[in-house]
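# Structural characterization, general
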Amino acid sequence: MPSLSDAFRSHPVFLHQKHPDLTSLQELPDSYAWSSSSAATTDNSLQHQHHDATADHRVPVVDLDDPNASSFIGSACKSWGVFQIVNHGIPSALLRDIELAGKALFSLQPAHKLRAARSPDGVSGYGRARISSFFPKLMWSEGFTIVGSPLHHFRQLWPDDYTKYCDTVERYQEAMQKLAGKLMWLLMASLGISKEDLQWAGPRGDFNGASAALQLNSYPTCPDPERAMGLAAHTDSTLLTILHQNNISGLQVFREGTGWMTVPPITGALIVNIGDLFHILSNGLYQSVLHRAVVNRTQQRFSVAYLYGPPGNAKISPHAKLVGPSRPALYRPVTWNEYLGTKAKHFNEALSCVEVCAPKSGGLFDVSETHNSSVQVG
Ligand SMILES: C=C1C[C@]23C[C@H]1CC[C@H]2[C@@]12CCC[C@@](C)(C(=O)O1)[C@H]2[C@@H]3C(=O)O
Ligand SMILES: O=C(O)CCC(=O)C(=O)O
Ligand SMILES: [Fe+2]
């Protein structure tokens, strides 16, 4: 069965590995300047959105212990594509431990971190975001991707001390896998899809064989945050992503008609966002949300994304229950690896690459405008 580690073998992404020590820079180098003036007031402004705090303008928060959680999640997905969850069952000590592991990793000396550098055709390891190759400017962040066991890379980083960090990552992966399965069924229930209707979830409906990547992100303090970009606007190529951010804000989601909205940190809450594969599965009913991370002058920010996808051999297509004479299937079947390959080549156009027919502008499910506009540098 193809594994996630094979995804980039035929689509290597070449990024110059030399990473300056961002923490030592007093001024923003031109190679990191996404906008020319710090007084950017256009739509692409990198500044945090100042919005009124009415309920419509806040990312929904769902209590997973609420008996109506599934229908709240359904409405959140239709109108936002993202929501925060509380009472999710992940112990706060585990969230703290994974954050400490990330902090320890990113505070190693630059040359030391490169011992665990990601190779161009590999998926795991230290480096810039994969999407960097699509932009003329560099992002003010560093990342570490883990698929499967971190043992090999962690041994390079901490020859005497790797077991405790491996243990944290394993516990985190296990807890996230369970939570992701639970979220999948809440999402399915909100669409009227039951266990019998989803073959690839396995006979017990536990999504055994599902694949995932764990992405640790660090956003060092930045001397000129209004002109820099932490992580450029993108959608995740996942079914869903579960994100833990430390108590420093920076994540923004794009909302049609409103623009960029900050997702405020809530202690102990996790953020869930819909990815492109769920967008396909739901036949466009739940749209994958465009998001980005901005940086700030005074506090280093960390985030941990659990990028969850189907088993390697599963073909994801619009679910039969969501397809009918008045609603034809909008996307063709794809495996996760095929989709990651398409993303590696076409980035934010990947979703339109798997559309069944050419996008019709102004159509009910036409998201191409949002996705196109995201690649512009402001
Ligand atoms: C399983 C995945 C999903 C990946 C690629 C691969 C491993 C790393 C993931 C991310 C994490 C950071 C944003 C993103 C856009 C990136 O550059 O690397 C993600 C990408 C995707 O969602 O497409
Ligand atoms: O750091 C964040 O808030 C966003 C991270 C993200 O989007 C990702 O890792 O895919
Ligand atoms: Fe993301």
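Residues numbered from 1 in each chain as written. Chains lettered and ligands numbered in written order. Predicted model: local features only at pLDDT ≥ 70, side-chain atom pairs only at ≥ 80, totals over all residues. Heavy atoms only, no water.

A few words now on helix H7 (residues 336-346). Turning to H7, its buried residues number three or more, namely Trp336, Asn337, Tyr339, Leu340, Gly341, Thr342 and Lys343. In this structure, the buried side of H7 is in contact with strand S5 (211-219), helix H6 (276-281), strand S12 (301-309) and helix H8 (350-353). Remark: Phe347 follows H7 within two positions and exhibits a positive phi of approximately 45 degrees. (Buried < 20%, exposed > 50% of the residue type's maximum accessible area, 1.4 Å probe, protein only. Helix = DSSP H or I, 4+ residues; strand = E, 2+ residues; numbered from the N terminus. Contact = heavy atoms within 4.5 Å.)

Here we take up the site of ligand 1. Contacts to ligand 1 come from 15 residues, most closely from Arg130, Ile131, His234, Asp236 and Ser237. Note that an oxygen atom of ligand 1 is positioned 3.3 Å from one of the backbone N or O atoms of Ile131. In this structure, an oxygen atom belonging to ligand 1 sits 2.5 Å away from a side-chain N or O atom of Ser237. In the complex, the protein chains occlude 96% of the 450 Å² of accessible area that ligand 1 would expose alone. Contributions of two or more residues to the shell around ligand 1 are made by S5 and H7. Looking at which element gives the most residues to the shell around ligand 1, the answer is H7, with three residues. Here the residues of the shell around ligand 1 sort into eight nonpolar, four polar and three charged. (Near = heavy atom within 4 Å. Polar contact = N/O pair within 3.5 Å; in protein donor to acceptor, adjacent residues only side chain to side chain. Areas by Shrake-Rupley, 256 points an atom, 1.4 Å probe, with all protein chains shown as cover. Nonpolar A, V, L, I, M, F, W, Y, C, P; charged D, E, K, R; others polar.)

So, on to the site of ligand 2. Close to ligand 2 lie Gln215, Asn217, Tyr219, Leu231, His234, Asp236, Leu243, Leu251, His291, Arg301, Ser303 and Ala305, which account for all nearby residues. Within the side chain of His234, a nitrogen or oxygen atom sits 3.2 Å from an oxygen atom of ligand 2. Within the contact set of ligand 2, an oxygen atom lies 2.7 Å away from a side-chain nitrogen or oxygen of Ser303. Looking at the shell around ligand 2, the elements that each hand over two or more residues are S5, strand S6 (231-234) and S12. Looking at the shell around ligand 2 residue by residue, the classes come out as five nonpolar, five polar and two charged.

Taken from the UniProt record, the annotation "domain: Fe2OG dioxygenase" (unreviewed entry) applies to residues 206-310. Its end C-alpha atoms 11 Å apart, residues 206-310 is made of 6% helix and 43% strand. (UniProt positions renumbered as here; feature names shortened; annotations may be inferred.)

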